[in-house]
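# Residue-level structure breakdown
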Amino acid sequence: MTDDRVILEPTPLENFVETPYIKEITTRAMSYIEAGYSVHFRGPAGTGKTTIAKHVANKLARPVVLLHGDEEFSTSNLIGSESGYKTTKVRDNFISSVLKEEQEFQKHWVDNRLTVACRFGFTLIYDEFTRSRPEANNILLSVLEEGIINLPISRAGEEPYLEVHPNFTGLFTSNPEEYAGVHRSQDALRDRMITMDLDYFDFETEVGITRAKSGLKKNEAAFIVAIVRKLRDSGKCEFSPTVRGCIMIAKTLKIMKKTPFSDKKNFIVICQDILASETSRVGSRTNQNRVKKLLQEIIEETYKAVA
Amino acid sequence: MKTIQSIKSSSQLKSAAFSKQRSIPVAQRSAQTELYMLRKEKQRYLKEIESIKKRYDHIKERLGLIDEEMLELSEIWRGEVDVIEKEASETMLDLDTKDKRKWKKRKLKY
């Protein structure tokens, strides 16, 4: 085992927004966990998968082990591997004329995060687990179904099968719409966990988050969120703008010591910069101009509605 | 009765035993002999009932003793289990606290 073991304690920021929508998702996830299942939060970018996973982990009140899915991951990145050697040397010279020397080399096994979480009953947050290749995640099948980890038998003095601690909980997140650097998760793994499909936050939550993260007033945050939601609902963007877009706009305005109502022209430019890039993958000029035009119309319409 | 001439083939020939015909009549057992044999059989059965009764009583007595013994042992065992569980939970607690000292804690803000 490693000496420099680090465990995480999920702690909500002071401005963490817990609306009825978030509470409802958290309660449902907690019920699934209580029933003995791991939970998988699936949804497009900006739907709060990771934050909700951390929030649920906080409610579980157990130390957290955090893993981020990676293409380069192999099974050993999850369970551990042999690292270096441990040597023992015995020099017996009890009788001065007789010298006996014994030397033993043993491979040194180092547990990795999944093994640590299973051994001590920690909560595992496996963020974007579909970024790891499916064969690397195969070890999770026995963890979630049989409650054991099948470890290499070569580890000295260690049981080949590690029983998963009853307090172990797996929280997984994935984005089914992601196109770059992701793999399809195997059916067997998906079947062993409860998948909660997350949609974009409701209006109240988005306003709360934008307000909390930027420090803008409620009506100012609501104005920004209304514009972003209108753009999202138009269905004309390659990618739907998320709450992150709202936060970016709000934070920028706050830094500039402006509000959506103080400088209309500047506000439109900021919205176009942030949202046009957020909603397109390639960033072609034609597409950007189309989104910018659409955005201008939506903003004008929202100003009229407010007035 | 068939005559030799009326028999057409050897297949029609039957032995005396096959046709259940005897040259002398079957000897009859006397009633006294029959009575003696039945009395003997009855005595044998009565003896058998007696030994079965004895066996039944013995089994019943043994079952009673086993029940008493089991009750005593289960109480002892329950006590032992309590001790083992207590020890196990203490060890678990020790392990937990021991490990916690080794862990470095980091806040994961969200």
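Here the structure is shown first, and the text comes after it.
These numbers come from a predicted model, not from an experiment. (Residues numbered from 1 in each chain as written. Chains lettered and ligands numbered in written order. Predicted model: local features only at pLDDT ≥ 70, side-chain atom pairs only at ≥ 80, totals over all residues. Heavy atoms only, no water.)

For chain A, the helix and strand inventory stands at 11 helices and 10 strands. The contacts in chain A between residues at least 6 apart in sequence include a share of 75% that link residues at least 24 apart. Roughly 16,200 Å² of accessible area belongs to chain A as shown, and the carbon and sulfur atoms make up 49% of that amount. (Helix = DSSP H or I, 4+ residues; strand = E, 2+ residues; numbered from the N terminus. Contact = heavy atoms within 4.5 Å. Areas by Shrake-Rupley, 256 points an atom, 1.4 Å probe, with all protein chains shown as cover.)

It is possible for side chains of opposite charge to pair when their charged atoms get near one another. Residue and element names in this part refer to chain A. By the definition in use, this model includes 15 salt bridges over all chains. Across the pair Glu101 and Arg91 runs a salt bridge, and its minimum N-O distance is 2.8 Å. Taken together, the positions of Glu101 in strand 5 (residues 100-111) and Arg91 in strand 4 (residues 80-92) put the pair 10 residues apart, joining distant regions of the chain. The exposure class assigned to Arg91 is exposed, which follows from its relative accessible area of 55%. Bridged by salt links that share partners, the residues Glu206, Arg229 and Arg232 form one connected network. (Salt bridge = Lys/Arg side-chain N within 4 Å of Asp/Glu carboxyl O. Buried < 20%, exposed > 50% of the residue type's maximum accessible area, 1.4 Å probe, protein only.)

Moving on: a negative patch on the surface. Residues and elements named next belong to chain B. A cluster of acidic residues, Asp67, Glu68, Glu69, Glu72 and Glu75, forms a negative patch at the surface. Here Glu72 shows up in helix 1 (residues 31-102). For Glu72, a relative accessible area of 53% translates into the label exposed. (Patch = residues over 30% accessible without salt bridge, like charges linked within 9 Å, V, L, I, M, F, W, Y side chains within 5 Å. Lys, Arg positive; Asp, Glu negative; His and termini not counted. Charge placed at Lys NZ, Arg CZ, Asp CG, Glu CD.)

With that settled, the discussion passes to empty space enclosed by the protein. One pass over the structure, following the stated rule, counts one cavity of 30 Å³ or more. Tallied by class, residues from the lining of the largest cavity come to two nonpolar, six polar and two charged. (1 Å grid on protein atoms, 1.4 Å probe; cavity = no way out; pocket = protein on both sides within 12 Å on 5 of 7 lines; lining within 4 Å. Points joined across faces, edges and corners; volume = space filled by probe spheres on them. Nonpolar A, V, L, I, M, F, W, Y, C, P; charged D, E, K, R; others polar.)

Moving on: the packing of aromatic side chains. Under the criterion given, the structure shown has 11 aromatic pairs over all chains. Among the aromatic residues, those joined into a ring-pair cluster are Phe223, Phe261, Phe267 and Tyr303 of chain A. For Arg232 of chain A, the ring lying beneath its charged end belongs to Tyr200 of chain A, and the centroid distance is 4.3 Å. It is Arg44 of chain B that lies over the ring of Tyr45 of chain B; its NZ or CZ is 5.0 Å from the centre. (Phe/Tyr/Trp six-rings, centres within 6.5 Å; stacked < 30°, edge-to-face > 60°. Lys NZ or Arg CZ within 6 Å of the ring centre and 35° of its normal.)

With that out of the way, let us pick up the environment of Arg232 of chain A. All names here are of chain A. Among the structural elements, Arg232 can be located in helix 8 (residues 218-234). Look at Arg232 and you get buried, because its relative accessible area is 10%. Sequence-wise, Arg232 and Tyr200 are 32 residues apart; in three dimensions their C-alpha atoms are separated by 9.9 Å. Sequence-distant contacts of Arg232, defined by excluding residues within four places in its chain, comprise Tyr200, Phe201, Glu206, Ser240, Pro241, Thr242 and Val243. In this structure the side chain of Arg232 is engaged in a polar contact, spanning 2.8 Å, whose partner is the side chain of Glu206. (Polar contact = N/O pair within 3.5 Å; in protein donor to acceptor, adjacent residues only side chain to side chain.)

Now for helix 8 of chain A. All names here are of chain A. For helix 8, with 17 residues, the first-to-last C-alpha span of 24 Å sits near the 24 Å given by 1.5 Å per residue. Within the span of helix 8, buried status applies to Glu220, Ala221, Ala222, Phe223, Ile224, Val225, Ile227, Val228, Leu231 and Arg232. Packing partners of the buried residues in helix 8 comprise helix 7 (203-214), helix 9 (243-255), helix 10 (264-278) and helix 11 (285-306). One or two residues past the end of helix 8 sits Gly235, with phi positive at roughly 70°. (Expected span 1.5 Å × (residues − 1).)

For the rest of this paragraph, the subject is the interface of chain B and chain A. Opposite the 11 residues of chain B that make contact, chain A presents 22 residues. Summed over both sides, the interface between chain B and chain A buries roughly 1,700 Å², with carbon and sulfur atoms accounting for 65% of that surface. Summed over the three residues of chain B that lose the most area to chain A, namely Trp103, Leu108 and Tyr110 of chain B, the buried surface amounts to 56% of that side. Counting every contact that joins chain B to chain A gives one salt bridge. Among the elements of the structure, helix 1 and strand 1 (104-109) of chain B are those that each provide at least two residues to the side of chain B that touches chain A. Considered class by class, the residues forming the side of chain B that touches chain A number four nonpolar, no polar and seven charged. Judged from the six bridges that link them, strand 1 (residues 6-11) of chain A and strand 1 of chain B form a sheet pairing that is parallel. Counted as the bridge partner of Ile7 of chain A is Lys105 of chain B from strand 1 of chain B. (Buried area = accessible area lost by both parts, 1.4 Å probe. Pairing = 2+ DSSP bridges.)

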